[in-house]
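Chain by chain, the residues run as shown.
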Amino acid sequence: VAETHDLLVDSATSITAQAILPIRHFLVGVAEVETAEIRIVRSHPVALDQCRRLLATLPAATAIAAATTADAAAQVARDGDPTEVAIASERAAALHGLVVLAADVGDHPEAYTRFVAIANRTQLHDDGDWRIAFSFQTDHRPGALHRAIEPFARHGLDLVQLTSRPIPQTPWRYRFDAVVSGHPLDPVVRETLAEVRRQAQRFTVFGSYPA
């Protein structure tokens, strides 16, 4: 989620672990209802975006964003209106006494989400495969991004994720959030990240964790 990336940039915490879970979205409500009668669909903005095909079949319904999918389910339960539904988890439906109107309504059943654990310290051990999450900002010269990430190819390291995020208060300028496969104490990994740091205007490590 983009907001999570932005919060990590200026945070003093460190990512220490990750968990990857399949995304399963359910259409839930207080009672069975014909789809043509649904007038409100509540959910988190990301969940709404991941269920566009479902929303396209509900042209009379208004999508309303919620802080979380669980909050959306709770609001539907409080309102008690059968024409108001939520996109949430099956567990959220059970916790709030809602019925499942449709299962697996996401556009991509193979989708996954990644959760991370954070702490105010960095924890390292030598077991298994590791990942290092970091962020960097380049200047606006041609080839700047290529120069920054070229060391990963040269040293044979797998850059498993690379995304761009706008920099606040600086229109049309971006930073890059990335994840590389490797242990932070590996000499090759350390040298590679040092090269990237020398190419970047700003370089921040979000944390390291077992893959």
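Residues numbered from 1 in each chain as written. Predicted model: local features only at pLDDT ≥ 70, side-chain atom pairs only at ≥ 80, totals over all residues. Heavy atoms only, no water.

Draft legend 1. Structural detail: the overall build of the protein chain. When helices and strands are counted, the protein chain shows 7 helices and 11 strands. In terms of its C-alpha atoms, the protein chain occupies a principal-axis envelope of roughly 60 × 40 × 30 Å. Sorting the 211 residues of the protein chain into buried and exposed places 36% on the buried side. In the protein chain, the proportion of contacts linking residues at least 24 apart, taken out of those at least 6 apart, comes to 73%. Accessible surface for the protein chain amounts to roughly 12000 Å². Of this, 54% is attributable to carbon and sulfur atoms. Taking the 20 positively charged and 25 negatively charged side chains of the protein chain as two groups, their mean positions are separated by 8 Å. (Helix = DSSP H or I, 4+ residues; strand = E, 2+ residues; numbered from the N terminus. Buried < 20%, exposed > 50% of the residue type's maximum accessible area, 1.4 Å probe, protein only. Contact = heavy atoms within 4.5 Å. Areas by Shrake-Rupley, 256 points an atom, 1.4 Å probe, with all protein chains shown as cover. Lys, Arg positive; Asp, Glu negative; His and termini not counted. Charge placed at Lys NZ, Arg CZ, Asp CG, Glu CD.)

Draft legend 2. Inspection of unusual backbone geometry at higher detail. Look at Asp 104: it is not a glycine, yet its phi comes out positive at around 50°. One can find Asp 104 in the loop between β6 (99–102) and β7 (112–119). Phi is positive for Trp 172, which is not a glycine, with a value near 65°.

Draft legend 3. Highlighting the pattern of salt bridges. For the coordinates displayed, the defined rule picks out 10 salt bridges. The closest approach of N and O atoms between Glu 84 and Arg 42, which form a salt bridge, is 2.5 Å. Within this pair, whereas Glu 84 is found in strand β5 (residues 84–88), its partner Arg 42 is found in strand β3 (residues 40–43), the two being separated by 42 residues in sequence. When its relative accessible area of 17% is taken as the criterion, Arg 42 is described as buried. (Salt bridge = Lys/Arg side-chain N within 4 Å of Asp/Glu carboxyl O.)

Draft legend 4. Region of interest: the packing of helix α6 (residues 144–154) against helix α7 (residues 187–199). Interaxial distance between α6 and α7 falls to 8 Å at its minimum, and their mutual angle equals 165°. In this view, α6 runs roughly antiparallel relative to α7, as classed from their interaxial angle. Here α6 and α7 pass one another in a crossing that is right-handed. Across the interface between the two elements, Arg 147, Ala 148, Pro 151, Phe 152 and Arg 154 of α6 pack against Thr 192, Leu 193, Glu 195, Val 196 and Gln 199 of α7. Among the residues making up the contact of α6 with α7, the classes are represented as 5 nonpolar, 2 polar and 3 charged. (Axes fitted to C-alpha atoms, helices over the stretch in contact; angles between N-to-C directions. Parallel < 35°, antiparallel > 145°, perpendicular 65-115°, else oblique. Left-handed = near helix turned anticlockwise from the far one by under 90°. Nonpolar A, V, L, I, M, F, W, Y, C, P; charged D, E, K, R; others polar.)

Draft legend 5. Just the environment of Ala 148, in detail. Among the structural elements, Ala 148 can be located in helix α6. Given a relative accessible area of 0%, Ala 148 falls into the buried group. Here the alpha-carbon distance between Ala 148 and Thr 138, two residues 10 residues apart in the chain, equals 7.5 Å. Those residues within four positions of Ala 148 in sequence are excluded, and the remaining contacts are Phe 136, Thr 138, Val 196 and Gln 199.

Draft legend 6. Layout of the side chain of Thr 83. Mapped onto the elements, Thr 83 comes out in the loop between α4 (69–79) and β5. You can call Thr 83 buried: its relative accessible area is 18%. Here Asp 81 takes part through its side chain, which lies 2.9 Å from a polar atom of the side chain of Thr 83. Discounting residues that sit within four places of it in the chain, Thr 83 has contacts with Glu 37, Ile 38, Arg 39 and Ile 40. (Polar contact = N/O pair within 3.5 Å; in protein donor to acceptor, adjacent residues only side chain to side chain.)

Draft legend 7. Local environment of the side chain of His 25. Of note, His 25 is situated in the loop between β1 (14–22) and β2 (26–29). For His 25, a relative accessible area of 9% corresponds to the buried category. A polar side-chain atom of His 25 sits 2.7 Å from a polar atom in the side chain of Gln 50. Once residues lying within four places of it in the same chain are set aside, the contact partners of His 25 are Ala 47, Gln 50, Cys 51, Ile 87, Ala 88, Ala 103, Asp 104, Val 105 and Gly 106.

This is a description of form; function is not addressed.
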